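# An overview of the molecular structure
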Amino acid sequence: MMVDGKYLPVSSVWQRLNTWLLFAFVALLIVVPWGYAVVPLLVAIVALMGWAAFPRSGSRSWGLDVQDGGWCLALLAFSGVWLLDVWRTGYWPVGEENQGVALPLWPLLAILLLIWLRRYPPSIKSWWLSVGCAALAVGAIALFERWVLGHDRASNGINSIPFGNLSLLMGVLSLVALLWLMECQRWNRNFHAIWLYLALAAVLAGTTASLLSGTRGGWIAMPLLLLLIFRTYREVLSKLYLRLTGGAILGLVLLVALLPQSGVTQRLAETVADVQQYWTGESTNGSVGVRLELWRGGVVLFSQAPLLGWGEGRMEAARDEMVAEGTLAGSASEHDQLHSDIIDTAARRGMLGLMTLGMLYGMPLYLFARFLRHPDPDIRALALAGVLIPVAFIDFGLTQSMLRDVRGLAGYLGLSVGLWAVLKGKIAEYAISA
């Protein structure tokens, strides 16, 4: 491949392709329909092409280590138990508009992508740029849908809950990018001030999109996510910097939330009303009431089959039987999941499924956390972002089955695997330069 009149080594060609593809995945995840699926499949095709050309690609080693093996094992366990559940029950997950049929196979695809991206890791600047572009795009979409089209909730044509949760995550990751840029400036790195303003705009855009989506559950995680961020940067940035940044973001988010056109105060009032009606027995049809009924039903079903659960597809039948018997509200039958990754997994796949879910969350959380105190600011920022992704998804999964949503599962796997490859690439560079 020729660039600027020079031929690039084959390894540089693959690395650039991976950089562009990871950028496309992150930037388009909730912006373009089918972007969540098309880009990973393109990466898989590129990986297969690369492996086919491996004898002509030099003698570079794969560079995998025990940490990569642990992550691959977690992905394999999660996928294997899910596929075993499909085999023993004869049911595949369906999801909205029948998009979830292949969900149990996605962790296997993630293993393929992890191995390939680790061999040719994408660039760190492209990673942060993709996060910012995603946040700015969803912010623009949400503002257009709410204040121009007049939609009740911004969603970009998908389920508003995954849209709001992933928008919030992009905003939070943009905050890490902002603080990373601020620290880089202190190290006299050559970053123009315009990047700081764009990062701040991305933070506000992502959080605003989440607010305008009407999503409430994801915001429960905000105090913990912000605590992790500011604990990481309190020793490297002045308290004045952190307070000014946090105050500006909080003030503008509150301003948007309090505007009547945003619908945020209306959603909060509906939440209070739903809780009151549920506990007084007046109604279980509100958004909160339905969730509480689904969770109650899921706990009962788990207690009846604690080891392996009821199985894919059979769980819904058992739940509907409870509805027919009158032990569960009729509104519970209107949903294909229990609005909680933990409860839904427990009811379908029992303790075995919960163990693999814990591995899926816990392995990346453990691996990224190992580098939170690294002296290099690039590595520290990437590690913090890697910790925030599973923490955010654990919280999102408390009130929504994000891992049964195509964009939810694709987002979790793609963001964490792609970021891991970028992080390990920076660690390798640091080791060479040290």
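Residues numbered from 1 in each chain as written. Predicted model: local features only at pLDDT ≥ 70, side-chain atom pairs only at ≥ 80, totals over all residues. Heavy atoms only, no water.

Under an unreviewed UniProt entry, the protein has the name O-antigen ligase family protein and belongs to Litchfieldella rifensis. According to UniProt, the comment filed for the protein under the heading Subcellular location (unreviewed entry) is "Membrane". (UniProt positions renumbered as here; feature names shortened; annotations may be inferred.)

If you tally the helices and strands in the protein, you get 15 helices and two strands. Intrachain contacts of the protein at a sequence separation of at least 6 include 77% that bridge at least 24 residues. (Helix = DSSP H or I, 4+ residues; strand = E, 2+ residues; numbered from the N terminus. Contact = heavy atoms within 4.5 Å.)

Attention shifts here to the nonpolar core. Ranked by internal contacts, the top residues of the largest apolar core, which has 102 residues, are Trp127, Trp128, Phe393 and Leu403. A per-element tally of this core places helix α6 (residues 160-186) first, with 16 residues. Those residues in contact with Trp128 that lie beyond four places of it in its chain are Leu173, Val176, Ala177, Trp180, Ala381, Leu382 and Ala385. Core analysis: the second largest hydrophobic core is formed by 12 residues, Leu301, Leu328, Ala332 and Ala347 among them. (Core = buried A, V, L, I, M, F, W, Y, C linked by side-chain atoms within 4.5 Å. Buried < 20%, exposed > 50% of the residue type's maximum accessible area, 1.4 Å probe, protein only.)

A word on the environment of Val31. Mapped onto the elements of the fold, Val31 is located in the loop between α1 (10-28) and α2 (35-52). Placed 136 residues apart in sequence, Val31 and Ser167 show a C-alpha to C-alpha distance of 10.0 Å. Leave out the neighbours within four places in its chain, and Val31 touches Ala137, Val138, Ile141 and Asn156.

The next point concerns the packing of helix α13 (residues 341-369) against helix α14 (residues 377-399). It is the contact of α13 with α14, at a shortest axis distance of 8 Å, that shows an interaxial angle of 165°. By the angle between their directions, the pair α13 and α14 is classed as roughly antiparallel. Here α13 and α14 pass one another in a crossing that is left-handed. Seen from α13, the contacting residues are Asp341, Ile342, Tyr361, Leu365, Phe368 and Ala369; seen from α14, they are Leu382, Ala383, Gly386, Val387, Pro390, Val391, Phe393, Ile394, Gly397 and Leu398. (Axes fitted to C-alpha atoms, helices over the stretch in contact; angles between N-to-C directions. Parallel < 35°, antiparallel > 145°, perpendicular 65-115°, else oblique. Left-handed = near helix turned anticlockwise from the far one by under 90°.)

Before going further, it helps to spend a moment on the packing of aromatic side chains. A full pass over the atoms with the stated rule returns 13 aromatic pairs. Here Trp71 and Phe368 contribute two aromatic rings whose centre-to-centre distance is 5.9 Å and whose plane-to-plane angle is 85°, an arrangement assigned as edge-to-face. You can see Trp71 sitting in helix α3 (residues 66-89) and its partner Phe368 sitting in helix α13, a full 297 residues away along the chain. Both residues of the pair, Trp71 and Phe368, belong to the buried class. (Phe/Tyr/Trp six-rings, centres within 6.5 Å; stacked < 30°, edge-to-face > 60°.)

On to a nonpolar patch on the surface. The grouping of Leu84, Trp87, Leu307, Leu308, Met351, Leu352 and Met355 at the surface amounts to a nonpolar patch, some 750 Å² of accessible area in total. Broken down by secondary-structure element, the contributors of at least two residues to the nonpolar patch are α3 and α13. Broken down by element, the residue count for the nonpolar patch peaks at three residues, all from α13. Position of Met351 among the secondary structure elements: in helix α13. (Patch = residues over 30% accessible without salt bridge, like charges linked within 9 Å, V, L, I, M, F, W, Y side chains within 5 Å. Areas by Shrake-Rupley, 256 points an atom, 1.4 Å probe, with all protein chains shown as cover. Salt bridge = Lys/Arg side-chain N within 4 Å of Asp/Glu carboxyl O.)

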